Amino acid sequence: MASLTPSLRRRAVYAVLSPVLDEEALIAALWLQQNELRGDSVTDIIRFIDKVAQQHLLDSGTCRRLYQQLHGALRQPESGLPLDPLPLMQSSAPAASAGGRPGNWAAPSMAPATVASDLPSLPAALPGPAVQSVQPPASALPLAEAVAVLPPAPAALTAPAPAAAPDLSGRPAVQVVHAGLMRAALSQVRQYHPAALEDLRGAALSEVTRVRVTGPVREAWRTAWEQESSTDWCIDAPQNALAELVNAFYVALCEALGPVNADHVLTRAVREAEGLPQAREFSPRRFV
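Residues numbered from 1 in each chain as written. Predicted model: local features only at pLDDT ≥ 70, side-chain atom pairs only at ≥ 80, totals over all residues. Heavy atoms only, no water.

Draft legend 1. Inspection of the overall build of the protein chain at higher detail. Scanning the protein chain for helices and strands turns up 12 helices and zero strands. Taken from N to C terminus, the helices and strands of the protein chain fall in the order α-α-α-α-α-α-α-α-α-α-α-α. Relative to its 288 residues, the protein chain shows a buried fraction of 48%. On the protein chain, roughly 13100 Å² of surface is accessible, and the fraction owed to carbon and sulfur atoms is 54%. (Helix = DSSP H or I, 4+ residues; strand = E, 2+ residues; numbered from the N terminus. Buried < 20%, exposed > 50% of the residue type's maximum accessible area, 1.4 Å probe, protein only. Areas by Shrake-Rupley, 256 points an atom, 1.4 Å probe, with all protein chains shown as cover.)

Quick look at the structure:
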């Protein structure tokens, strides 16, 4: 994976948002990412895209597409991304060139000719047309915040204790915790959202084709979904691959259940997985 430098973040955001925001909104989003996009986890990405969506009235379908596109763009080599838009940002906010982002900067109106003359090397075709204004989606808390602040579920909403966990002694703690997290999350879905289970399965199998894991890991994921109710969900993979699978699962949850229910399901699953003895060695929160 490319090193996540400030330049790469700007270039990735520019590549993904330029087709859906007009020039003024795009520059505002580029300034916003300096404070809101600090990493490339699904939590960082969803937090940032949701704030852009609230400010510029993007619909929920566009948000889900942008989550995936930005997740991929942040993993691209620099050669696969457009030029750094920092000069464009600075030319639109003169105060920024004296030392960073202005405190309460809002992108000013500017004539396209000014941008073209200032930056002849920027590809002219990159900015795309603005999308039509639509009603903003109901925004869920970003996953990490939801895990931290969601109150414990009332007794009536708490899933019953699952069947005895499979014997995974001898397996690495990260694999055991991942397995426990998946079993707990799917138990929540089966009890509270049974009609969405097939949609979730389809979305999860679609998402895994887009994540950076090896062929054997991807095949193990598919096999686990085919045997979803009986598998132990212990996948032989390193931490980074299992984190990619959790990210794919969360995006699939958002698609099948909506962001609010997805946060509730995964938050409760994290809490349940924290009860595993192996969680003392590897916390499930490191996946989110």
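There is more to say after this.
Draft legend 2. Looking closely at unusual backbone geometry. Phi is positive for Leu57, close to 55°, though the residue is something other than glycine. Mapped onto the elements of the fold, Leu57 is located in the loop between helix 3 (42-56) and helix 4 (60-73). On the accessibility criterion, Leu57 (32% relative accessible area) is partly exposed. Backbone geometry at Trp233 places phi at a positive 65°, although glycine is not the residue there. Topologically, Trp233 is positioned in the loop between helix 10 (215-226) and helix 11 (239-257).

Draft legend 3. Molecular detail of empty space enclosed by the protein. Enumeration according to the criterion identifies two cavities of 30 Å³ or more in this entry. When its volume is computed, the second largest cavity comes out at roughly 70 Å³. Considering the residues around the second largest cavity, the lining is formed by Val42, Tyr67, Gln68, His71, Glu207, Val211, Asn247, Ala248 and Val251. Among the secondary structure elements, those contributing two or more residues to the lining of the second largest cavity are helix 4 and helix 11. Residue composition of the lining of the second largest cavity, by class: five nonpolar, three polar and one charged. (1 Å grid on protein atoms, 1.4 Å probe; cavity = no way out; pocket = protein on both sides within 12 Å on 5 of 7 lines; lining within 4 Å. Points joined across faces, edges and corners; volume = space filled by probe spheres on them. Nonpolar A, V, L, I, M, F, W, Y, C, P; charged D, E, K, R; others polar.)

Draft legend 4. Quick look at the packing of aromatic side chains. In this structure the tally under the stated criterion is five aromatic pairs. Relative to Trp225, the ring of Trp221 has its centre 6.0 Å away and its plane inclined at 70°; by these criteria the two rings are edge-to-face. You can see Trp221 and its partner Trp225 sitting in helix 10, four residues apart, about one turn around the helix. Taken as a pair, Trp221 and Trp225 share a single burial class, namely buried. Taken together, a centroid distance of 5.8 Å and an interplanar angle of 75° make the contact between Trp221 and Trp233 edge-to-face. Pair noted here: Trp221 is in helix 10 and Trp233 is in the loop between helix 10 and helix 11, with a separation of 12 residues, a long-range link. Note on accessibility: Trp221 and Trp233 belong to one class, buried. Connected via pairs of aromatic rings, a cluster forms that spans Trp221, Trp225, Trp233 and Phe249. (Phe/Tyr/Trp six-rings, centres within 6.5 Å; stacked < 30°, edge-to-face > 60°.)

Draft legend 5. Just the layout of surface pockets, in detail. One number sums up the size of the largest pocket: a volume of about 330 Å³. Contributing to the lining of the largest pocket are 13 residues, with Arg75, Asn240, Ala243, Glu244 and Asn247 lying nearest its centre. Counted by class, the lining of the largest pocket contains four nonpolar, four polar and five charged residues.

Draft legend 6. Quick look at the nonpolar core. Among the nonpolar cores identified, the biggest contains 83 residues, and Leu17, Leu70, Trp221 and Phe249 are the most heavily contacted of them. Ranked by residue count, the leading element in this core is helix 11, at 12 residues. Apart from the residues within four sequence positions on either side, Phe249 is in contact with Met182, Ala185, Leu186, Leu200, Trp221, Trp225 and Leu266. (Core = buried A, V, L, I, M, F, W, Y, C linked by side-chain atoms within 4.5 Å. Contact = heavy atoms within 4.5 Å.)

Draft legend 7. Up close: the pattern of salt bridges. Going through the model one piece at a time under the given rule, you end up with eight salt bridges. Between Asp84 and Arg10 there is a salt bridge whose closest N-O contact spans 2.7 Å. Linking Asp84 in the loop between helix 4 and helix 5 (86-92) with Arg10 in helix 1 (residues 6-17), this pair joins segments that are 74 residues apart in sequence. Look at Asp84 and you get partly exposed, because its relative accessible area is 21%. Taking the relative accessible area as the measure of exposure, Arg10 reaches 9% and is therefore buried. We note a salt bridge from Arg285 to Glu274, for which the minimum N-O separation is 2.5 Å. Of this pair, Arg285 sits in the segment after helix 12 (259-273) while Glu274 sits in the segment after helix 12; the two residues are 11 residues apart in sequence, bridging distant segments of the chain. (Salt bridge = Lys/Arg side-chain N within 4 Å of Asp/Glu carboxyl O.)

Draft legend 8. Layout of the packing of helix 9 (residues 197-207) against helix 11. Put simply, helix 9 and helix 11 touch, their axes get as near as 8 Å, and they point 140° apart. With respect to each other, helix 9 and helix 11 are oriented oblique. Judged by the twist between their axes, the crossing of helix 9 over helix 11 is right-handed. The segment helix 9 lies against helix 11, with Asp199, Leu200, Ala203, Ala204 and Glu207 engaging Ala248, Phe249, Val251, Ala252, Leu253, Glu255 and Ala256. Here the residues of the contact of helix 9 with helix 11 sort into nine nonpolar, no polar and three charged. (Axes fitted to C-alpha atoms, helices over the stretch in contact; angles between N-to-C directions. Parallel < 35°, antiparallel > 145°, perpendicular 65-115°, else oblique. Left-handed = near helix turned anticlockwise from the far one by under 90°.)

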